[in-house]
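# Structural overview
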Amino acid sequence: MDNFLKVLLVDANTGFYKTQRYKIGEFFGPVDLGLHLTTTINSLNIGTGLLAGSIFPGSNRLIFSGFSPCWGGFYISSMGGAGLVFDNLGINMLSIVNKAANPVILYLNRNHGEEIKVETLPVNLNDIWNSGRKGVYSLMDYTFEKFGHRFETDPRIMVVGPAAAATDFGAIVSVPIRKGELSFVDTWAGRGGLGSKMLREHGIAGIIYGGTFIDQDFTDRNIRVMQFMAAM
């Protein structure tokens, strides 16, 4: 395990992105680092802890943090299982700043390389939300249709629905993808309005992510525990 937390910082307005590193010891994970980034750059933060991919229950939850437009303060939420695919990006956190001029889907893919491919695709949300299965399900279908074929392994998609555009308490939804098919198991996060923040403050309607990065502990996830203790 590296001695640093790796954060992919994405500017939704310009499309510029870079990787920043924060020393473990000064920060330990998505909550304290998320608080730091929220208070300094007002970002929406999505990431995993140091034990992501381990055998510990809950270690593969994806942690969301940011300033809640609903509660008016720093807010933390999590999404079950979504951290396992996020770990394939080879980073600890995604932080989104500024706002896209029009709603976009954010594409993140680390496919056999050191760099993460980052793209944004402008979308007409009302047309998509009112088509097909409607709402968030139509947006997930649309996102997978546009980007799913680019991934060597099953990616993960998380999107917002009409509530994110109309209220300050919109959440974020995702479903696991198995063998190239979207499942019917909803997982939700950001009930403090982080879905509204993602769309209304950053212009991000959905995110699709995945990759082929393999941690050195892939075959023995107990190693992650010993690495964590050594970092303390």
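The shown structure was predicted, so the numbers you read here are calculated from the model rather than taken from an experiment.

Definitions and cut-offs
- Residues numbered from 1 in each chain as written.
- Predicted model: local features only at pLDDT ≥ 70, side-chain atom pairs only at ≥ 80, totals over all residues.
- Heavy atoms only, no water.
- Pairing = 2+ DSSP bridges.
- Helix = DSSP H or I, 4+ residues; strand = E, 2+ residues; numbered from the N terminus.
- Core = buried A, V, L, I, M, F, W, Y, C linked by side-chain atoms within 4.5 Å.
- Buried < 20%, exposed > 50% of the residue type's maximum accessible area, 1.4 Å probe, protein only.
- Contact = heavy atoms within 4.5 Å.
- Arc of directions from axis to C-beta.
- Axes fitted to C-alpha atoms, helices over the stretch in contact; angles between N-to-C directions.
- Phe/Tyr/Trp six-rings, centres within 6.5 Å; stacked < 30°, edge-to-face > 60°.
- Lys NZ or Arg CZ within 6 Å of the ring centre and 35° of its normal.

### With respect to the pairing of strand β2 (residues 17–23)
Of the strand pairs in this sheet, strand β1 (residues 4–11) and β2 are connected by seven bridges, and their pairing is antiparallel. When the bridges of β2 are listed, Phe4 appears paired with Lys23. Between β1 and the antiparallel strand that follows it, β2, lie five residues; Gly15 among them carries a positive phi value of about 85 degrees.

### Here we look at the nonpolar core
Grouped together as the largest cluster of nonpolar side chains are 52 residues, with contacts concentrated most on Leu62, Phe64, Leu94, Leu106, Leu108, Ile207 and Tyr209. Not counting residues within four places of it along the chain, the set of residues in contact with Leu108 comprises Leu8, Leu89, Leu94, Ile116, Lys117, Val118, Phe151, Ile207, Ile208, Tyr209 and Gly210. Membership of the second largest hydrophobic core comes to nine residues, among which are Leu5, Ile24, Leu50 and Met93.

### Brief notes about the environment of Ile128
Turning to its location among the elements, Ile128 is positioned in helix α3 (residues 125–129). Between the C-alpha atoms of Ile128 and Asp141, which are 13 residues apart in sequence, the distance is 9.4 Å. Non-local contacts of Ile128, meaning those with residues more than four positions away in its chain, are made with Val123, Ser138, Leu139 and Tyr142.

### A word on helix α6 (residues 194–201)
Judged by how many residues are buried, α6 sits mostly within the fold: six of eight residues are covered. Directly after α6, the chain includes Gly203, whose backbone phi takes a positive value near 75 degrees.

### Examining helix α1 (residues 32–41)
Of the residues making up α1, those classed as buried are Leu33, Gly34, Leu37 and Thr38. Axial view of α1: buried residues confined to an arc of 135 degrees, hence all on one face. Turned more than 90 degrees away from the buried face of α1, the exposed residues are Thr39 and Thr40. At its buried positions, α1 is contacted by β1, β2, β3 (44–47), β4 (62–67), β5 (74–79) and β6 (93–97).

### Here's the deal with the sheet that holds strand β10 (residues 172–175)
Strand order in the open sheet formed by six strands is β8-β7-β14-β9-β10-β13, and the pairing between neighbours is mixed. Across the chains shown, the open sheet's two edge strands, defined by having one partner strand only, are β8 (117–122) and β13 (187–189). Each strand of the sheet is rotated relative to its neighbour by a mean of 20 degrees, with strand direction disregarded. Strand direction decides the pairing type here: β10 and β13, joined by three bridges, are antiparallel. By the bridge assignment, Val173 is partnered in β13 with Trp188.

### Describing the side chain of Ser65
Within the element layout of this structure, Ser65 appears in strand β4. With residues up to four places along the chain from it excluded, the contact list for Ser65 reads Pro30, Gly34, Thr38, Ser43, Leu44, Asn45, Phe74, Tyr75 and Leu194.

### Description of the sheet that holds β6
In space, the six strands of this open sheet follow the order β2-β1-β6-β3-β4-β5, with mixed pairing throughout. Unpaired on one side and paired on the other, β2 and β5 mark the two borders of the sheet. For this sheet, the mean inter-axis angle between neighbouring strands, taken without regard to orientation, is 20 degrees. Note that β4 and β5 share six bridges and pair antiparallel. Opposite Leu62, over in β5, you have Met79 as the bridge partner. The sheet contacts of α1 involve β1, β2, β3, β4, β5 and β6, and relative to β6 the element is tilted by about 15 degrees. Lying on the sheet, α6 is in contact with β3, β4 and β5; it crosses β4 at an angle near 65 degrees.

### Examining the packing of aromatic side chains
Taken as a whole and assessed by the stated rule, the structure comprises four aromatic pairs. An angle of 70 degrees between the planes, with centres 5.7 Å apart, marks the rings of Phe86 and Tyr209 as edge-to-face. Of this pair, Phe86 sits in helix α2 (residues 82–86) while Tyr209 sits in strand β14 (residues 204–211), and the two are 123 residues apart along the sequence. Taking relative accessible area as the criterion, Tyr209 reaches 0% and is therefore assigned buried. Pairing Tyr107 with Phe151 gives two aromatic rings, centres 5.5 Å apart and planes at 65 degrees, and the pair type is edge-to-face. In this pair, Tyr107 is assigned in strand β7 (residues 104–110) and Phe151 in the loop between α4 (135–147) and β9 (156–159), connecting sequence segments 44 residues apart. Note that Arg150 overlies the ring of Tyr107, its terminal NZ or CZ placed 4.8 Å from the centroid.

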